[in-house]
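Next come the chains, spelled out residue by residue.
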Amino acid sequence: MLGGEIFVLPAVAAQMTGPSLWFAYLAAALLVLPAALSQAELATAMPESGGAYLYIERAMGPLVGTIAGVGLWLSLLLKSTFALVVLEGYLALLVDAPKTVPALGLIVLVIGLNVLGVRKVGRVQTIVVAVCFCALVVLVVLGMRFDPPQAPAAGAWMRNGTSGLLAATGLVFVSYAGVTKIAAVAEEVRSPARNIPRGILISLIGMAALYTAVAAVLATVFPLAQLEGDATPIASLGSLVGGPVGKAAIAVTAVLALLAMANAGLLAASRFPFAMGRHRLVPSPLQRVSPRFSTPVLAIIVTGTAMAAMLLSLDVIRIAKLASAFMIASFVAVNVAVLILRESEAHWYKPPFQSPMYPYIQLGGIATGLVILVSMGMLALVGLTIAVVAGGLLYLVYGRKVTRLGVFKQMAPRADLLAGLTGDRQTTPFPEARAQTVVALFGKEPSPEALVHLGMTLSADDKLDVLVLRDVPEQTDLSDIASEPDDRVESLERRVTGLGQERGVETRLDLVLTRDVRQTVFDYVRQQELGWVIMAWRDRSMRGLIVRNPMKWLTEHMPCNLALFKDAGIRTYRKIMVLAEPGPHDALVTRTADDLAGLFHADLTFVRFLHEEAPEDRAEEIGRYQAELHGLCHQPAASELLRGRDRVRSLVHATARFDLIVLGAPAERPLKSMFVPTPEESITEQAHCAVLRLRAPRAVAHSSLLSAPATAEMSGASVRRPILIPAASRARVRVTKKEQIFTMLGAMLAPVFESASATQIYDALWQRERVQNTGMGEGVAIPHATLPNAKNTKLALMTLQEPVEYGSHGKVDVVFCLVGPPSDREAHLRLLSTIATMIVQNDLSATLRACKDDAAAEDALMRAAADVLDDA
């Protein structure tokens, strides 16, 4: 930390802000504090070489990590080069020497010292830094005796106002860059969980006090005009308090301190290409360690050579500004990394030291860092842009082959999983499933036994698999952890096995170690073709302070039925409340509630909310819809309509009369719902009973209807066959957007419905689409909607000339569309199930793609329908 900045930058910063120079140093220290706390936390969680690069790469992935590695490498290079440039100025006070030659010679020296190893110069460097620190303290104490040469003019404390102070703060920011250098060599630190946080915080507090005091004394004892033009202000202060002897002593101290700083800077900077070589983001020779000296020789030589190039090409002010800009950007990224890792609830992220006042410290550090960056002007922004471009190009040329994902990418939408399993994507080994129902445990579940109890209840084959999933960081060998006994897992296995014996359900528990929990669960479910996955509802104890559900994408794309359970300590359900609303999950909610009512001999009540000012015909419509759902049940069911002004409050109040509430998943809002609760989530959190939230996979959203009791109106293929005759068919339609598909469907079906226009059909399809994407995968979509004035359900069929992007399930080129009245819900749902069956069993989509005209497409559909309905 004790670098060249304090020996020259006070004079430069004084030109920007005047007597408020000391406040610029204090403000810079306060801005560094969030990053210092964040980096201390990250270093104790991941004590490896690489520092901020490593943390950013782990949190945000190889691309951002490569850019960060390049930026951090450049920032430390610039800081070390700056020390050598300043060293030349102080050396000139002692001896005459040609410009740049001494600095180049010293670069060769520090390269040699780093190659030989840190321990060989560690003691000498410690002594030099201690002497320099004490010398500056003495200067401050002696300088405080001098009176200011003149009183500052009124209003001149901030010479150029707030913008000048911000610019000066950004310039001197680099003075504190060394505070986190220790993290770059964390792998070489003894007791990192204790020593790294202490070292960082003690250094920051001590140097902030010293820098602020030095700046205050300089701004007090020297006229502003004299200070602005001084290339060696600390030597001038030494001359003022000690005469020629004081000036020479300070010059010698400065030369030694700056040489030590350049050595430390090269040490830390060389570890970035070394760590990136380990992670295959730069050529692998950079990670090689000399067997003789135990140091990364090539990384040190490359870094030293780059220092020499910068020394010859940049002036001192540009070097300082660019170093500050890169460091501020890296500190912003480090704060973001802490937010990501904390909110991900990654099982492996357990730092012994945690930043206080989370997340306010990190959010404040991000905001203030961005403000300072903008205030530093175009040079800083252009330099950052160049670093981003250089890092991006390096990744594209060399690091692109790395398939490792950062934690943020694991939480984000996973197109790589939806694309299917390929040879390029490795999967975590997992045990072969023996049961169709699986309980997934991620850690922190308040009651794993309650989930196992529910899994046994939903199991259709009296078998249950329990997966205990543990995510493991990249730096840890999976085999090392697998060989270590886990007492908690053994205890859980004993308890769930005993529960299975009591219930007569064959139960097996497996521990699965993985680097990507979401990928492992998704691949496991898809490859094993499971029926149910049961997970715990993520309450406040299982999530961060900002992101409500880091598993959001997985829960919305699980390729089987998903049950999220909130336990309330109730094991026998006598009264079950069903909250089923029109959508993709109402059939699953109804059938599951019906099954639970049969198992527990419980009373079943379908509950809906209606605003007290809603018209009466809306209540009648809800009554007809609930009657349709009653037809899907084997058990007797009642209906209840709640009227009021607040839907959430009314339904939460009603839960006090029940033991269990069964409801469907909310509409898909992947980004928003990670931060803002949906009404369904608010009901779940505030309910006075146990809550079971269900989600059906898109491709089989209505498969539960296959076991529903058939009503007189819908029994037999003779009634369903006419509805499968498409009201409109179009083959090989040329469209380029999803919106054009819906526009075409509206135009095709409008003539069929006397009371609905093409625009109304288009709007109804989009309203349903916002609840859940109707893509099924494999190039097929089944958009559907209800129209209040329609008399019965109609089907439209369309194939596309070229596949069109349809959303999270990729592109589609085969489209089935169903539109009908809300009162025809049972027929609507059964038709969806039949179409899904035709696609899966008869390979209907491939047949339709081969049809060249409308008639051929319609005939193919009718033949497939005949096969399925005859089998039924």
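Residues numbered from 1 in each chain as written. Predicted model: local features only at pLDDT ≥ 70, side-chain atom pairs only at ≥ 80, totals over all residues. Heavy atoms only, no water.

Draft legend 1. How the structure looks around the overall build of the chain. A tally of regular secondary structure across the chain gives 32 helices and 16 strands. Sequence-distant contacts, at least 24 apart, represent 82% of the contacts inside the chain between residues at least 6 apart. Here the chain has roughly 35700 Å² of accessible surface; of this, 58% comes from carbon and sulfur atoms. (Helix = DSSP H or I, 4+ residues; strand = E, 2+ residues; numbered from the N terminus. Contact = heavy atoms within 4.5 Å. Areas by Shrake-Rupley, 256 points an atom, 1.4 Å probe, with all protein chains shown as cover.)

Draft legend 2. Main features of helix H18 (residues 448–458). With 10 of 11 residues buried, H18 lies mostly within the body of the structure. When H18 is considered as a whole, its buried residues turn out to be Pro448, Ala450, Leu451, Val452, His453, Leu454, Gly455, Met456, Thr457 and Leu458. (Buried < 20%, exposed > 50% of the residue type's maximum accessible area, 1.4 Å probe, protein only.)

Draft legend 3. Local environment of the confidence of the model for the chain. Counting all residues, the mean pLDDT for the chain is 82, and 89% of those residues have values of 70 or more. When mean pLDDT is compared element by element in the chain, strand E6 (residues 575–579) scores highest at 95, while helix H27 (residues 717–723) scores lowest at 42. The model gives residues 421–425 a pLDDT under 50, and that stretch makes 11 contacts with residues more than four places away or in other chains. The model gives residues 701–708 a pLDDT under 50, and that stretch makes 22 contacts with residues more than four places away or in other chains. (pLDDT = per-residue confidence, 0-100.)

Draft legend 4. Quick peek at a nonpolar patch on the surface. Where nonpolar side chains cluster on the molecular surface, the patch consists of Leu93, Leu94, Val95, Val252 and Leu256 and spans about 380 Å² of accessible area. Within the element layout of this structure, Leu94 appears in the loop between helix H4 (62–91) and helix H5 (101–116). For Leu94, a relative accessible area of 36% corresponds to the partly exposed category. (Patch = residues over 30% accessible without salt bridge, like charges linked within 9 Å, V, L, I, M, F, W, Y side chains within 5 Å. Salt bridge = Lys/Arg side-chain N within 4 Å of Asp/Glu carboxyl O.)

Draft legend 5. Up close: the side chain of Asn114. Turning to its location among the elements, Asn114 is positioned in helix H5. At a separation of 2.9 Å, a polar atom in the side chain of Asn114 contacts the main-chain carbonyl oxygen of Val110. Residues within four places of Asn114 in sequence aside, it is in contact with Asn263, Leu266, Leu267, Thr295 and Ile300. (Polar contact = N/O pair within 3.5 Å; in protein donor to acceptor, adjacent residues only side chain to side chain.)

Draft legend 6. How the structure looks around the environment of Val648. As for its position among the elements, Val648 is in helix H25 (residues 647–655). Leaving out residues up to four positions away in the same chain, Val648 has contacts with Pro679, Ser682, Ile683 and Gln686.

Draft legend 7. The pattern of salt bridges, seen in detail. Applying the stated criterion across every chain yields a total of 20 salt bridges. In this structure, Glu613 and Arg645 form a salt bridge, with 3.3 Å as the shortest nitrogen-oxygen distance. Placement of Glu613 in the loop between strand E7 (603–611) and helix H24 (616–630) and of Arg645 in the loop between strand E8 (637–644) and H25 is noted, with a sequence separation of 32 residues between them. Among the salt bridges present, the one from Arg863 reaches Asp859, with a minimum N-O distance of 3.0 Å. Note that Arg863 and Asp859 are positioned in helix H32 (residues 854–871) at a spacing of four residues, about one turn of the helix. On the basis of relative accessible area, Arg863 is assigned to the partly exposed category, the value being 46%. By sharing partners, the salt bridges in this structure join Asp465, Arg508 and Asp510 into a single network.

Draft legend 8. Here's a closer look at unusual backbone geometry. Each neighbour pair has its own omega, and for Tyr358 with Pro359 the value is 0 degrees, a cis peptide bond. Here Pro359 is to be found in the loop between helix H13 (316–344) and helix H14 (360–375). Unusually for a residue other than glycine, Ser191 sits at a positive phi of about 45 degrees. The topology assignment puts Ser191 in the loop between helix H8 (181–184) and helix H9 (192–221). Positive phi, close to 55 degrees, is recorded for Asp462, a residue that is not glycine. Tracing the chain through its elements places Asp462 in the loop between H18 and strand E2 (463–471). Judged by relative accessible area, which is 47%, Asp462 ranks as partly exposed.

Draft legend 9. How the structure looks around the nonpolar core. Counting residues in each nonpolar core, the largest one holds 145 residues, and the members touching the most others are Phe7, Tyr25, Leu42, Met46, Tyr176 and Ile234. Per element, the largest residue contribution to this core is 18 residues, and it comes from helix H11 (residues 233–278). Those residues in contact with Leu42 that sit more than four places away from it in its chain are Tyr55, Val334, Ala337, Val338, Leu341 and Tyr349. Counting residues in each nonpolar core, the second largest holds 47 residues, with Ala450, Val468, Ile576 and Tyr625 among its members. (Core = buried A, V, L, I, M, F, W, Y, C linked by side-chain atoms within 4.5 Å.)

Draft legend 10. Quick peek at the environment of Ala450. Residue placement: Ala450 occurs in helix H18. According to the relative accessible area criterion, Ala450 is buried, its value standing at 3%. When the C-alpha atoms of Ala450 and Lys566 are compared, they prove to be 9.1 Å apart, with 116 residues separating the residues in sequence. Ignoring any residue separated from it by four or fewer positions in sequence, one finds Ala450 in contact with Phe565, Asp567 and Arg571.

Draft legend 11. Main features of the pairing of strand E9 (residues 660–664). When you tally the buried positions in E9, you get five out of five residues, the bulk of the element. What you see with E9 is no split at all: Leu660, Val662 and Gly664 on one side and Ile661 and Leu663 on the other are buried throughout. As paired strands, E6 and E9 are joined by four bridges and run parallel to one another. Opposite Leu579, over in E9, you have Leu663 as the bridge partner. Summarising the sheet, E9 and strand E10 (residues 690–695) pair through five bridges and their orientation is parallel. Paired with Gly664 across the bridge in E10 is Leu694. (Pairing = 2+ DSSP bridges.)

Draft legend 12. Representation of the packing of helix H2 (residues 21–45) against helix H7 (residues 161–172). The N-to-C vectors of H2 and H7 enclose an angle of 65 degrees; their axes lie 8 Å apart at closest approach. As for how H2 packs across H7, the hand of that crossing is right-handed. Facing Phe23, Ala24, Tyr25, Ala27, Ala28 and Leu31 of H2, the residues of H7 in contact are Leu165, Ala168, Thr169 and Val172. Residue composition of the contact of H2 with H7, grouped by class: nine nonpolar, one polar and no charged. (Axes fitted to C-alpha atoms, helices over the stretch in contact; angles between N-to-C directions. Left-handed = near helix turned anticlockwise from the far one by under 90°. Nonpolar A, V, L, I, M, F, W, Y, C, P; charged D, E, K, R; others polar.)

Draft legend 13. Seen up close, the pairing of E7. Among the nine residues in E7, seven count as buried, and that is most of the element. Note that E6 and E7 share four bridges and pair parallel. Considered in E7, the bridge of Val578 is made with Phe606. With helix H23 (residues 586–600) bridging E6 and its parallel neighbour E7, the resulting β-α-β unit is right-handed. Sheet analysis places E7 next to E8, joined by eight bridges and oriented parallel. Bridge pairing links Val607 to Glu640 in E8. Handedness of the E7-H24-E8 crossover: right-handed. (Right-handed = clockwise from strand over helix to strand, strands pointing away.)

Draft legend 14. Here's a closer look at the sheet that holds strand E4 (residues 532–536). Taken in spatial order, the 10 strands make up an open sheet running E3-E2-E1-E4-E5-E10-E9-E6-E7-E8, and their pairing is mixed. In the strand order of this sheet, the two ends are held by strand E3 (506–514) and E8, each with one partner. Across the sheet, the mean angle from the axis of one strand to that of its neighbour is 25 degrees, orientation sign disregarded. Two elements, E2 and E3, share nine bridges in a ladder whose sense is parallel. Along E3, the bridge assignment pairs Val466 with Leu509.

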